[in-house]
Amino acid sequence: MKKVNVGIVGSGLMCKLHSQSYALMPLMFAPSPYVPVKKVLCDVTEELARAGAENYLWEDYVVGVDALLERDDIDFVDIVAPNRFHREIAIAAARAGKNIYCEKPLGIRSEECLEMCLEAEKAGVKTAVAFNKRRWPAVVYAKQLIDRGEIGEILYFRGTYQQSDSLKPDLPYSWRYDEKRAGYGVVTDIGSHVIDLCRYLVGDFEEVIGMRKIHIPERPMMRDQNAAYQREANIAQRTEELARVTTDDTAVFMGKMKGGAMSLFDVSRCASGQGDGTGFEVWGSKGAIRWNMQYQSELQVSREASPEDQRGFTTIQMGTPHPYGDAFWCVPGFGTGLADNKALEIHDVIKSFEEGLEFHSNFRDGLKVCQVVDAVVESQRTNSWVKIQEI
């Protein structure tokens, strides 16, 4: 059993999730050959760093990335800071020779993602991007069915990601509503998840076209701009001052895939009634697969080869025979949660870093997702299809 020391950058909402899952991972995979140690938490102020370390049970804390990277007791750096800081932290970590595990999106523009890739490759460090939807057992099983040819040639992919957390017009302005700090909006933030799922299940994009819209163009400022992510409690902090929203609330786009399939996506943070409404459908010449995040331990599969009186979708509950089955309770149907899902990702990240394996998705995958996002934005500007450039 080897202890692997983690240095995390950021003490916000994603730090809470990662911290839970570092503790959970070795229990799920017991006896685990690798045990993550929550060694050091880093943030930009003493107050934030100390509170994060105390709240999420990290052994130590430091202020500033330089102080973290100077330490020789850190095996890899986990970046959970806001999007606009990913580039500078990742490049500094690569130059310090540290392997890097970065939350999605990798960056807010393709150019900076490419720079991050080149710096990591030059330094010879391993990289990982936290597209955790790939690691729900049902999604991995869908990938296995597709790769085995069980639904035949892929004809069409449809991906959705809908949330309702920005539907309230009195929800205050935060960095996520600022294009310079967050990226383009939902097409960057949650759209990147379904773009990655499509690449994982179907393959690379050839060209895209889409449209985006801001539904609530102004939001009240709040007194504490460092308050937690888009929580309704922030409404009590709002002021009379209004700020202009520059990130999209909804995006709809289509894609042509390199293998010949078609794809369609709709993502929104203004979808009433939705919590984490991720889902996809993959339609093939011999069958189809569909998955819904609200029922993440189930996969629906249709096979054309079924007897005529039995055709339709069959629901398969994930259990011991399925991906990561030994990590969970041995009876199907007990379900999994987000901390479980992130623990699966952390397990694979640490295994790849420690054993010199290639992790999927890595920085190159993050770059390709960002290229699609940039192309969707450009397609609206030009009102035309935009090809994805080879890099």
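So, here's what we can say about the structure.

Calculation criteria
Residues numbered from 1 in each chain as written. Predicted model: local features only at pLDDT ≥ 70, side-chain atom pairs only at ≥ 80, totals over all residues. Heavy atoms only, no water. Helix = DSSP H or I, 4+ residues; strand = E, 2+ residues; numbered from the N terminus. Lys, Arg positive; Asp, Glu negative; His and termini not counted. Charge placed at Lys NZ, Arg CZ, Asp CG, Glu CD. Salt bridge = Lys/Arg side-chain N within 4 Å of Asp/Glu carboxyl O. Buried < 20%, exposed > 50% of the residue type's maximum accessible area, 1.4 Å probe, protein only. Contact = heavy atoms within 4.5 Å. Pairing = 2+ DSSP bridges. Right-handed = clockwise from strand over helix to strand, strands pointing away. Axes fitted to C-alpha atoms, helices over the stretch in contact; angles between N-to-C directions. Parallel < 35°, antiparallel > 145°, perpendicular 65-115°, else oblique. Nonpolar A, V, L, I, M, F, W, Y, C, P; charged D, E, K, R; others polar. Phe/Tyr/Trp six-rings, centres within 6.5 Å; stacked < 30°, edge-to-face > 60°. Lys NZ or Arg CZ within 6 Å of the ring centre and 35° of its normal. Patch = residues over 30% accessible without salt bridge, like charges linked within 9 Å, V, L, I, M, F, W, Y side chains within 5 Å. Areas by Shrake-Rupley, 256 points an atom, 1.4 Å probe, with all protein chains shown as cover.

## Examining the overall build of the protein chain
Turning to step 1, where the next piece is worked out: Tallying secondary structure elements over the protein chain gives eleven helices and 17 strands in all.
Turning to step 2, where the next piece is worked out: The principal-axis extents of the C-alpha atoms in the protein chain amount to approximately 65 × 55 × 40 Å.
Turning to step 3, where the next piece is worked out: Computing the positive centroid from 46 side-chain charges and the negative centroid from 56, the protein chain places the two 1 Å apart.

## Some details on the pattern of salt bridges
Turning to step 1, where the next piece is worked out: For the structure on display, the rule yields 32 salt bridges.
Turning to step 2, where the next piece is worked out: Glu-390 is the salt-bridge partner of Lys-258, the closest N and O atoms lying 2.1 Å from each other. Of the two residues, Lys-258 sits in the loop between strand E11 (250-257) and strand E12 (262-268) while Glu-390 sits in the segment after strand E17 (386-387), which places them 132 residues apart along the sequence.
Turning to step 3, where the next piece is worked out: Accessibility expressed as a relative area gives 62% for Glu-390, which makes it exposed.

## Concerning the environment of Ser-263
Turning to step 1, where the next piece is worked out: Locating Ser-263 in the fold gives a position in strand E12.
Turning to step 2, where the next piece is worked out: For Ser-263, a relative accessible area of 3% gives the class buried.
Turning to step 3, where the next piece is worked out: In this structure, the C-alpha to C-alpha distance between Ser-263 and Gly-159, residues 104 residues apart in sequence, is 7.8 Å.
Turning to step 4, where the next piece is worked out: For Ser-263, the contacting residues outside a window of four places in its chain are Tyr-156, Phe-157, Cys-198, Phe-205, Phe-253, Met-254, Gly-255, Lys-256 and Met-257.

## A look at the pairing of strand E2 (residues 34-43)
Turning to step 1, where the next piece is worked out: Counted residue by residue, E2 has nine buried out of ten residues, so it is predominantly covered.
Turning to step 2, where the next piece is worked out: Of the pairings in the sheet, the one linking strand E1 (residues 2-9) to E2 comprises eight bridges and is parallel in character. Bridge pairing in E2 links Lys-2 to Tyr-34.
Turning to step 3, where the next piece is worked out: Following the backbone out of E1, through helix H1 (residues 13-28) and into the adjacent parallel E2, one traces a crossover that is right-handed.
Turning to step 4, where the next piece is worked out: The pairing of E2 with strand E3 (residues 60-63) spans four bridges and is classified as parallel.

## Looking at the packing of H1 against helix H10 (residues 338-355)
Helix packing geometry: the angle between the two helix axes and the distance between the axes.
Turning to step 1, where the next piece is worked out: Their axes nearest at 8 Å, the elements H1 and H10 cross at an angle of 70°. When the axes of H1 and H10 are compared, the pair comes out roughly perpendicular. Of the residues in H10, those touching H1 at Leu-17, His-18, Gln-20, Ser-21, Tyr-22, Leu-24, Met-25 and Met-28 are Leu-338, Ala-339, Asp-340, Lys-342, Ala-343, Leu-344, Ile-346, His-347 and Ile-350.
Turning to step 2, where the next piece is worked out: In terms of residue class, the contact of H1 with H10 is made up of eleven nonpolar, four polar and two charged.

## Some details on the sheet that holds strand E4 (residues 76-79)
Turning to step 1, where the next piece is worked out: The six strands are arranged E3-E2-E1-E4-E5-E6 in an open sheet whose pairing can be described as parallel. Across the chains shown, the open sheet's two edge strands, defined by having one partner strand only, are E3 and strand E6 (127-130). For this sheet the average axis-to-axis angle between neighbouring strands, irrespective of direction, equals 25°.
Turning to step 2, where the next piece is worked out: In the sheet, E4 pairs with strand E5 (residues 99-103) via four bridges, with the strands oriented parallel. Among the inter-strand pairings, Ile-79 is bridged to a residue of E5, identified as Cys-102.
Turning to step 3, where the next piece is worked out: The strands touched by H1 within the sheet are E1, E2, E4 and E5, with E2 carrying the most contacts at an inclination of about 160°.
Turning to step 4, where the next piece is worked out: Against the sheet, helix H4 (residues 86-95) makes contact with E1, E4 and E5, and its axis sits at roughly 170° relative to E5, the strand it touches most.

## Focus: the packing of aromatic side chains
Turning to step 1, where the next piece is worked out: In total, this model carries ten aromatic pairs according to the counting rule given.
Turning to step 2, where the next piece is worked out: When the centroid spacing of 6.0 Å and the interplanar angle of 85° are considered together, the rings of Tyr-22 and Trp-58 count as edge-to-face. Of the two residues, Tyr-22 is situated in helix H1 and Trp-58 in the loop between helix H2 (46-56) and E3; the sequence distance between them amounts to 36 residues.
Turning to step 3, where the next piece is worked out: A relative accessible area of 6% places Trp-58 in the buried class.
Turning to step 4, where the next piece is worked out: Aromatic side chains Phe-253 and Phe-265 sit 4.7 Å apart centroid to centroid with 15° between the ring planes, which places their arrangement in the stacked category. One end of the pair, Phe-253, is in strand E11; the other, Phe-265, is in strand E12, and twelve residues separate them in sequence.
Turning to step 5, where the next piece is worked out: Relative accessible area serves as the criterion here: at 1%, Phe-253 is assigned to the buried category.
Turning to step 6, where the next piece is worked out: Overall, the relative accessible area of 0% leaves Phe-265 in the buried class.
Turning to step 7, where the next piece is worked out: One aromatic cluster in this structure is built from Phe-157, Phe-205, Phe-253, Phe-265, Phe-280 and Trp-291.
Turning to step 8, where the next piece is worked out: In this structure, Arg-109 packs its charged tip against the face of Tyr-184, placed 4.1 Å from the ring centre.
Turning to step 9, where the next piece is worked out: Residue placement shows Arg-290 over the ring face of Phe-313; its charged tip is 3.8 Å from the ring centre.

## Quick look at a nonpolar patch on the surface
Turning to step 1, where the next piece is worked out: A surface patch of nonpolar side chains, amounting to about 380 Å² of accessible area, comprises Trp-329, Val-331 and Phe-334.
Turning to step 2, where the next piece is worked out: On the secondary structure map, Trp-329 appears in the loop between strand E16 (313-317) and H10.

## Looking at the sheet that holds strand E8 (residues 205-213)
Turning to step 1, where the next piece is worked out: The nine strands lie next to each other as E16-E15-E14-E13-E7-E12-E11-E8-E17, forming an open sheet whose pairing is mixed. Unpaired on one side and paired on the other, E16 and E17 mark the two borders of the sheet.
Turning to step 2, where the next piece is worked out: In terms of strand pairing, E11 meets E12 through seven bridges, oriented antiparallel. Its bridge partner being in E12, Met-254 is matched across the sheet by Leu-264.
Turning to step 3, where the next piece is worked out: Its contacts with the sheet place helix H6 (residues 137-147) against strand E7 (154-162), strand E13 (277-284), strand E14 (287-292), strand E15 (298-303) and E16, and it is angled at close to 20° to E15.
Turning to step 4, where the next piece is worked out: This element, helix H11 (residues 363-382), spans E8, E11 and E17 of the sheet and lies at about 60° to E8.

## Some points on the pairing of E5
Consecutive side chains along a regular strand alternate between the two faces of the sheet.
Turning to step 1, where the next piece is worked out: Here E5 lies mainly inside the structure; five of its five residues are buried.
Turning to step 2, where the next piece is worked out: Residue alternation in E5 divides its side chains into two sets, Asn-99, Tyr-101 and Glu-103 and Ile-100 and Cys-102, and both sets are buried.
Turning to step 3, where the next piece is worked out: Once you follow E4 into H4 and on to E5, the crossover reads as right-handed.
Turning to step 4, where the next piece is worked out: In this structure, E5 lies alongside E6, joined through four bridges in parallel fashion. When the sheet's bridge partners are listed, Ile-100 is paired in E6 with Thr-127.
Turning to step 5, where the next piece is worked out: The parallel pair E5 and E6, bridged by helix H5 (residues 110-123), forms a crossover whose chirality is right-handed.

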